[in-house]
Amino acid sequence: MSTTRRTLVILGASGDLTARLLLPGLGQLLASRKDIEVELIGVGSVPMTPAQWHKRVTASFKSGGVDIDDLKSVIESSSYRVADATNADALAEIFAACTATPALYFALPPAVTEKVCETLSKMKLPTGLVLALEKPFGTDLTSARRLNRLLSTFLAEKQIHRVDHFLGKSTVLNLLGLRFANRLFEQSWNASNIERVEISYDEQLGLEGRAGYYDHAGALIDMIQSHLLQVLAVIAMEPPSSLDSEDLRGAMAQALRATKVWDGSAKTASRRGRYTAGKAGGEAMGSYVAQPGVDPKRETETLAEIAFAVNNWRWAGVPFVLRSGKALEDNRKDISITFKPVPHLPTGLTGVQSPSQLRISLDPHLMHLDLNINGADDPFSLETVQLQATFADSTLGAYGEVLEGILTGDATLSVRGDVAEECWRIVTPVIAAWRKDQVPIDNYAAGSAGPKSWKRLPKQR
């Protein structure tokens, strides 16, 4: 078995993302893949002694549920340095310290990431260098395009991993297997048979101390632009010729190029809300605007819902409704596909006549299919039954899968440059309409289903 050896350099290693997600994911990966060897170097702005850094790495590895004894050599050989990653001399010293081909992970805000890339563009870089950039990729369409152009001047696309930890490899493969390995579904996966597609990510959790980032992003950018449009692409795309990363990402890009705000009107196809005081998930919760670090004047939304159209032959006229929010009644994280009613129900059949619905849960990985069948007591009366299946889950967490792709050169989970731009292009009209206050921000009590005044977004034409 050949061994892959890399130096993983984490920029922003003193931050929460590294301790809470990146390092636990790395521990899981190294515990499960003995053919991957990693030298770990952390770079941050907060001073840390070697002992403090090793303690931080150890605690994070433990939180990932791995046996620390198996990873002692990784911990003990890891190092941390205080450095300004936007400085060319500092970066050169970091590269000189790498004993293997480096993978540079940007656990940094978008504005700082761009400055680091500007510095890298003027330097002599190590052969085989790989960059991993956290989403959001840029802060709007213009900045995303600018960053893409900059990156293309000094690295090939295959060396750039734009990270989307939300859509894990197991999730993608589960959706692809369901769609393309079952004639039952693939033959009916179109506007002739499907009335509506809903992709929801509702959380009972509130702000959780993330005001520094969230109050500038909101639900639209944090979830819909960054993650849920990727899910839409997998649901809507045409069958790829293979699961090669280029074929798969090309099919996703094609679907997103056809995606626009429903009827071209952000004013009528989008809505936004913000939670007030209430009780969510059994916990009392203050209003969003009262949270430390929140500026009420920004009118940041904590709930966003937008209807999109995928304007192609397969999906013409079918609304794709994407929704995400915080401090809500339920933790609903799923894809709901509602099929059209049958053209004619024979006279004599009574009872439940609702259309069939397929629900794919993203967390946990479950599938529910509602079907109408004849009742046991009265065969002329229909009743709804539910078929359920459990998808196979990955042995790795989301960031373990992400790091596996980065360290082994597998771009399946990486967002391609044009796809990152398309996601910004799709939501730009909504952002513009909201900034002009063309769409009011409605209040909803924490722990509720959302604003009481909201009605269902567009049905099929």
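The model shown is predicted, which means the values in this text are computed figures rather than measured ones.

**Q** I'd like a rundown of helix H10 (residues 245-257), residues and numbers included.
**A** Between the first and last C-alpha of H10 there are 18 Å, a value that for 13 residues agrees with the 18 Å anticipated at 1.5 Å per step. When H10 is considered as a whole, its buried residues turn out to be Ser-245, Leu-248, Arg-249, Ala-251, Met-252, Ala-253, Ala-255 and Leu-256. Check the buried side of H10 and you find it contacts helix H7 (169-180), helix H9 (211-236), strand E8 (259-261), strand E12 (303-310) and helix H13 (417-435). Measuring from the side-chain oxygen of the N-cap residue of H10 to the backbone nitrogen of Glu-246 gives 3.0 Å; that N-cap residue is Asp-244.

**Q** Let's hear about the pattern of salt bridges: which residues, and what values?
**A** Evaluated as defined, the whole model comprises 28 salt bridges. Its salt-bridge partner being Arg-146, residue Glu-114 comes within 2.6 Å of it at the nearest N-O pair. Taken together, the residues span a long stretch of sequence, with Glu-114 in helix H5 (residues 110-120) and Arg-146 in helix H6 (residues 141-152) at a distance of 32 residues. When its relative accessible area of 13% is taken as the criterion, Glu-114 is described as buried. Taking relative accessible area as the criterion, Arg-146 reaches 43% and is therefore assigned partly exposed.

**Q** Can you tell me about the packing of helix H1 (residues 16-32) against helix H12 (residues 398-408), naming the residues and giving the values?
**A** Close contact between H1 and H12 brings their axes to 7 Å; oriented N to C, the two are set at 65°. Here H1 is positioned roughly perpendicular relative to H12, judged by the angle of their axes. Seen from above, H1 lies across H12 with right-handed handedness. The segment H1 lies against H12, with Leu-17, Leu-21, Leu-22, Gly-25, Leu-26 and Leu-29 engaging Tyr-399, Gly-400, Leu-403, Glu-404 and Leu-407. Looking at the contact of H1 with H12, its residues break down into 8 nonpolar, 2 polar and 1 charged.

**Q** Go over the packing of aromatic side chains, please, and point to the residues and values.
**A** All chains considered together, the criterion is met by 7 aromatic pairs. Relative to Tyr-288, the ring of Tyr-275 lies with its centre 5.8 Å away and its plane at 75°, an arrangement referred to as edge-to-face. Placement of the pair is Tyr-275 in strand E9 (residues 270-276) and Tyr-288 in the loop between strand E11 (283-285) and E12, with a sequence separation of 13 residues. In this pair, the class of Tyr-275 matches that of Tyr-288, namely buried. A network of ring pairs unites the aromatic residues Tyr-214, Tyr-275, Tyr-288 and Tyr-444 as a single cluster. It is Arg-162 that lies over the ring of Phe-137; its NZ or CZ is 4.9 Å from the centre.

Rules of the game
- Residues numbered from 1 in each chain as written.
- Predicted model: local features only at pLDDT ≥ 70, side-chain atom pairs only at ≥ 80, totals over all residues.
- Heavy atoms only, no water.
- Helix = DSSP H or I, 4+ residues; strand = E, 2+ residues; numbered from the N terminus.
- Expected span 1.5 Å × (residues − 1).
- Buried < 20%, exposed > 50% of the residue type's maximum accessible area, 1.4 Å probe, protein only.
- Contact = heavy atoms within 4.5 Å.
- Polar contact = N/O pair within 3.5 Å; in protein donor to acceptor, adjacent residues only side chain to side chain.
- Salt bridge = Lys/Arg side-chain N within 4 Å of Asp/Glu carboxyl O.
- Axes fitted to C-alpha atoms, helices over the stretch in contact; angles between N-to-C directions.
- Parallel < 35°, antiparallel > 145°, perpendicular 65-115°, else oblique.
- Left-handed = near helix turned anticlockwise from the far one by under 90°.
- Nonpolar A, V, L, I, M, F, W, Y, C, P; charged D, E, K, R; others polar.
- Phe/Tyr/Trp six-rings, centres within 6.5 Å; stacked < 30°, edge-to-face > 60°.
- Lys NZ or Arg CZ within 6 Å of the ring centre and 35° of its normal.

In short, geometric facts, not functional conclusions.
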